[in-house]
Amino acid sequence: MNFDLTDDQEMMRDMFARFLDENSSTARVRAAAPSGFDAALWKGLAEQGALSIRVPEASGGLGLGLIDAAVLMEEAGRTLASGPVAEALVAARLLALLGGHAGLLDRAMTGESVVTIAFHDIAEQPRQWIAGGLIAEGVIARNGSDVVLVTVADVARVAEENLADTPLAELDLAAQPQVVLASGDAALATFAAAIEEWKLLVSAALAGLGREALKLAAAYASERKQFGQFIGQFQAISHPLADLICEVDGGKFLVWKAIRDIANGTPTAGAAISVAAWWNAEAAARATAQALHTFGGYGLTTEYDIFLFNLRAKAWPLVLGDPQRLLDEAGRRLYAGETTALPDAGESPIDFDLGDDANAIAQEIHTFFAANVTPEMRDRFHYSWEGYNPELNRKLAAENLLYLGLPKDVGGRGLSPYAKIAAMDAFEFEGYNNPAAGVSQMVALIIHRFGSDDLKQDVLPQIMSGEVICSLGYSEPGAGSDVFAAQCRATPDGNGWRIDGTKMFTSGANLASYVLMLARTNTEVAKHKGLTMFIVPLKTNGEQTEGVTVQPVHTFQDERTNITFYDNVKIPDSWRLGDVDGGVKTMSASLELEHGGGFAKYQRAMLHAGEQLCRDITKQGKPLIDDPAAQARLARTVANLWVSELLTFRATWVIAEKKTNLAYGPMAKMFSSEKFLTDARDLLDLTAPLSLSKRKGAAAEINMFYRHAQGSTIYGGTSEVHRSMIAERGLGLPRTRA
């Protein structure tokens, strides 16, 4: 897996960034209005090699790949470059591939002329809106079975005011002189591939534009005060920006995914292009609208630059038409067998493959389940703690498949973060979830790092063998996600401690033998400094420990959690973990098990269930999945799944490769949980009324996923907590919490 550009690509990015910062400043963008074309900038871009970046070397160009062009377009979007850059790159490549007009190609690459493209067949739609049509010497278009070069006469151009002051013009292409560049299926496929390339290039530009708009909004919110506070401290300001940085980053990665899919020959590569184009058009529009809103009334004035981003975010993609049609197109490509010609991707360092180790562990898990899991066992599987099976737990431990992320020095499998993703996906494919393993391996690690010899000799072997499981005693009634507000007391008692208090949401406490407890040991210091970690036995000799009461709390998610009461529970000091009042440091050991997180594996399973129901349900005598509206809604779920996966991959990658981490884990968790929730609701609607049933199979799964998703934005840290982390670390906004 790799999210890094090559050194050469980073140098190229820096070169384009420096040039555009100087030559496409917002002052220059304003000066280019109303024509929306900066001739000096255009010539400068040509001198930097930008306009020839996708022209093959044999035709005098740089012959670089789609990733290189996307890097350029991201910078062009960030700086609102005044000119039809994406269209010109595609048109220049078309001229080179179809041949015969070397003089025009040379003028296009040197910036002396502008050549652009038309999106629709002249034979069907002779009059079209053309990006760059106001200043283009030529327009490449399809005309029936031909690909033609239309020469635009000056008398055909009418400077017309438009939304974003871009060099847009409505042209009657059939009325202009044209020559045939090439004919037949191969020529039409080359032209169709160029349109697909344009979708990716404008998507990359929109991702750059959207991120810059959010950056401007965050900077403004960090300096503007209202009611005596920076407005960025208000969650009503910071949280929407946090949501949108996830969507904008996700859009950039969708472009990268589509390019990687093309290079790999992935069957869904065409759909990935459509998804990327739809997503980025939507994300950039929402990001710029929210950024403008952050400026308040000042955002409406032309004194601030944010309106420029707002208008171009809409103008650039709408030349093609309604972005909703791109989602419809994605649906057809995913579910109706629609195909398209694809551009050549060239070389790409970006890679989302999890690697050979990941494939190997996934196969090992599938083999284990085939050999060890009976149908009766499968019938008892459940996504919650209630799916715990003691026999299966021991077998997994015996095969070293229980504690996959636990370091080898502790006795775990020590899988890489990438292999762990594959393993979790393999377990999900088998229908098996074991939240007990995640908590128990955390307890094992902390005992190994901080535990006494007694704990290491008496408790740790039981955990590692799979004989017992552990639960987590962090949350308390009234404390919510603020674990540092714990009031459950641990009071010195002779050579040990007395535990008194209540813990809430102690999932698995009815099944576990031990609880990892965070208890208050000092009330005279800051709340986070007065906590200590302990292991507390929930069972002693197979019976519930004296003073411990486990009371069930049932959820409508078909899940049981617990409230646990501790009344004068005595434990020896040897069951303390770490220093007295050092609980926060002890907790940090669990960060060794940190990974990207997220709910992509559930989203994927839910999508498959939704697809199956859409095949089972009939509408007007046909399977529901043949309905274009249903295809589009499924495609939207696919888009959300892909972004969830990509954000999770990035979070995993920065941890594995020790890269700078700007709250990427919280981004993955927050985004995926929110989309899990909205898609669960939408798929329940789409497949109703069958989805109301708990009938075994896909209906029961959709039903269950809807209920399961309700808690995903709460446990593991609420979306509000994660939004604050994203705003602060990802956007540089001031702290929103005390």
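Preceding block: the structure.
All values reported here derive from a predicted model rather than from experimental measurement.

Novice: Would you mind going over the overall build of the protein chain with me for this structure?
Specialist: For the protein chain, the count of helices and strands is 24 helices and 20 strands. The globule rule puts the C-alpha radius of gyration for 738 residues at 27 Å, and the 29 Å found for the protein chain is close to it. The burial tally for the protein chain puts 58% of its 738 residues in the buried class. For the protein chain, the proportion of contacts with a sequence separation of at least 24, taken over those separated by at least 6, is 75%. In the structure as shown, the protein chain presents an accessible area of about 29,500 Å², 51% of it carried by carbon and sulfur atoms.

Novice: Honestly, the environment of leucine 292 in this entry has me stumped. Any pointers?
Specialist: Tracing the backbone shows leucine 292 in helix α9 (residues 269–294). We classify leucine 292 as buried; its relative accessible area is 15%. Along the primary structure leucine 292 and leucine 105 are separated by 187 residues, whereas in three dimensions their C-alpha atoms are 40 Å apart. Ignoring anything within four residues of it in the chain, the contact list for leucine 292 reads Gly299, Leu300, Ile306, Phe307 and Asn310.

Novice: I would appreciate a short explanation of the packing of aromatic side chains in the present structure.
Specialist: Geometry of an aromatic ring pair is reported as the spacing of the ring centres plus the angle between the planes. This model, assessed by the stated rule, comprises 25 aromatic pairs. Among the aromatic residues, those joined into a cluster by ring pairs are Phe3, Phe253, Trp256, Phe352 and Trp653. The ring of phenylalanine 230 carries the charged tip of lysine 225 above its face, separated from the ring centre by 4.9 Å. Above the plane of the ring of tryptophan 642 lies lysine 257, whose end atom (NZ or CZ) is 4.5 Å from the centre.

Novice: Whenever I open this one, the nonpolar core confuses me. Can you help?
Specialist: In a soluble, globular protein the nonpolar side chains are often hidden away together inside. With 170 residues, the main nonpolar core has Met73, Ile117, Ile140 and Leu200 as its most contacted residues. The element best represented in this core is helix α7 (residues 185–221), accounting for 19 residues. For leucine 200, the residues in contact, after removing those within four places along its chain, are Leu66, Val255, Ala258, Ile259, Ile262, Ile273 and Ala276. In this structure, Tyr388, Ala426, Cys470 and Leu577 belong to the second largest nonpolar core, which totals 74 residues.

Novice: Explain the layout of surface pockets here, please?
Specialist: With a probe scaled to a water molecule rolled over the atoms, the places where space remains empty come into view. Taken as a whole, the second largest pocket holds about 910 Å³ of empty space. In terms of lining residues, the second largest pocket is bounded by 28 residues, among which Glu428, Gly431, Glu701, Met704 and Phe705 are the most central. Contributing elements (two or more residues each) for the lining of the second largest pocket: α13 (375–379), α15 (417–429), α20 (600–616) and α23 (698–712).

Novice: I tried to follow the sheet that holds strand β6 (residues 178–183) on my own but got confused; where do I start?
Specialist: Within a beta sheet, neighbouring strands are joined by backbone hydrogen bonds and run either parallel or antiparallel to one another. Judged by pairing direction, the sheet is mixed, and its four strands sit side by side in the order β1-β3-β4-β6 without closing on themselves. In this open sheet, the two strands that pair with only one neighbour each are β1 (115–117) and β6. Ignoring which end each strand starts from, the neighbouring axes of this sheet average 30° apart. Bridge count between β1 and strand β3 (residues 138–143): three bridges; the pairing is parallel. By the bridge assignment for β3, isoleucine 117 is matched with isoleucine 140. Strand contacts of helix α5 (residues 85–98): β1, β3, β4 (146–151) and β6, with the helix running at about 95° to β1, the strand carrying the most contacts.

Novice: Even after reading the chapter, I still don't get empty space enclosed by the protein, so can you show me in this structure?
Specialist: Within the structure shown, the criterion is met by three cavities of 30 Å³ or more. Roughly 220 Å³ of volume is contained in the largest cavity. Residue lining of the largest cavity: 22 residues in total, with Gly83, Pro84, Val85, Glu87 and Trp316 positioned closest to the centre. Going through the elements one at a time, α4 (66–78), α5, α7 and α10 (306–318) are the ones with two or more residues in the lining of the largest cavity. What lines the second largest cavity is Trp42, Leu51, Ala88, Ala91, Ala92, Ala108, Ser113, Val114 and Val115. Examining the composition of the lining of the second largest cavity, we find that three residues originate from one element, α5, more than from any other. When the residues that make up the lining of the second largest cavity are grouped by side-chain class, the tally is eight nonpolar, one polar and no charged.

Novice: What's the story with the pairing of strand β12 (residues 514–520) in this structure? I'm lost.
Specialist: When a strand is regular, its side chains alternate between the sheet's two faces. Here β12 lies mainly inside the structure; seven of its seven residues are buried. Side-chain alternation along β12 places Tyr514, Leu516, Leu518 and Arg520 on one buried face and Val515, Met517 and Ala519 on a second face that is also buried. Looking at chain direction, strand β9 (residues 470–473) and β12 are connected through four bridges and run parallel. In the sheet register, serine 471 faces β12, and the bridge partner there is valine 515.

Novice: What is the right way to look at the pairing of strand β16 (residues 548–555) in this model?
Specialist: Direction of pairing for β16 relative to strand β17 (residues 559–572): antiparallel, over a ladder of eight bridges. Directly across from proline 552, in β17, lies its bridge partner asparagine 562. Taking the residues between adjacent antiparallel strands as the criterion, β16 and β17 are bridged by three residues, where aspartate 558 takes a positive phi near 65°.

Novice: It is not clear to me how the environment of glutamate 112 should be interpreted in this structure. Could you clarify?
Specialist: Within the secondary structure, glutamate 112 sits in the loop between α6 (102–109) and β1. Accessibility expressed as a relative area gives 53% for glutamate 112, which makes it exposed. Along the primary structure glutamate 112 and lysine 43 are separated by 69 residues, whereas in three dimensions their C-alpha atoms are 7.0 Å apart. Here the side chain of glutamate 112 touches threonine 110 through a polar contact of 3.1 Å, side chain to side chain.

Novice: Explain α5 here, please?
Specialist: Every α-helix winds through 3.6 residues per turn, so residues three or four apart in the chain are directed the same way. Here α5 contains 14 residues, and its C-alpha end-to-end distance of 20 Å stays within 8% of the 20 Å for a straight helix at 1.5 Å per residue. Among the 14 residues in α5, 13 count as buried, and that is most of the element. Directly beyond the C-terminal end of α5, a positive phi value near 75° is found at glycine 99.

Analysis parameters
- Residues numbered from 1 in each chain as written.
- Predicted model: local features only at pLDDT ≥ 70, side-chain atom pairs only at ≥ 80, totals over all residues.
- Heavy atoms only, no water.
- Helix = DSSP H or I, 4+ residues; strand = E, 2+ residues; numbered from the N terminus.
- Rg over C-alpha atoms; globule rule 2.2 N^0.38 Å.
- Buried < 20%, exposed > 50% of the residue type's maximum accessible area, 1.4 Å probe, protein only.
- Contact = heavy atoms within 4.5 Å.
- Areas by Shrake-Rupley, 256 points an atom, 1.4 Å probe, with all protein chains shown as cover.
- Phe/Tyr/Trp six-rings, centres within 6.5 Å; stacked < 30°, edge-to-face > 60°.
- Lys NZ or Arg CZ within 6 Å of the ring centre and 35° of its normal.
- Core = buried A, V, L, I, M, F, W, Y, C linked by side-chain atoms within 4.5 Å.
- 1 Å grid on protein atoms, 1.4 Å probe; cavity = no way out; pocket = protein on both sides within 12 Å on 5 of 7 lines; lining within 4 Å.
- Points joined across faces, edges and corners; volume = space filled by probe spheres on them.
- Pairing = 2+ DSSP bridges.
- Axes fitted to C-alpha atoms, helices over the stretch in contact; angles between N-to-C directions.
- Nonpolar A, V, L, I, M, F, W, Y, C, P; charged D, E, K, R; others polar.
- Polar contact = N/O pair within 3.5 Å; in protein donor to acceptor, adjacent residues only side chain to side chain.
- Expected span 1.5 Å × (residues − 1).

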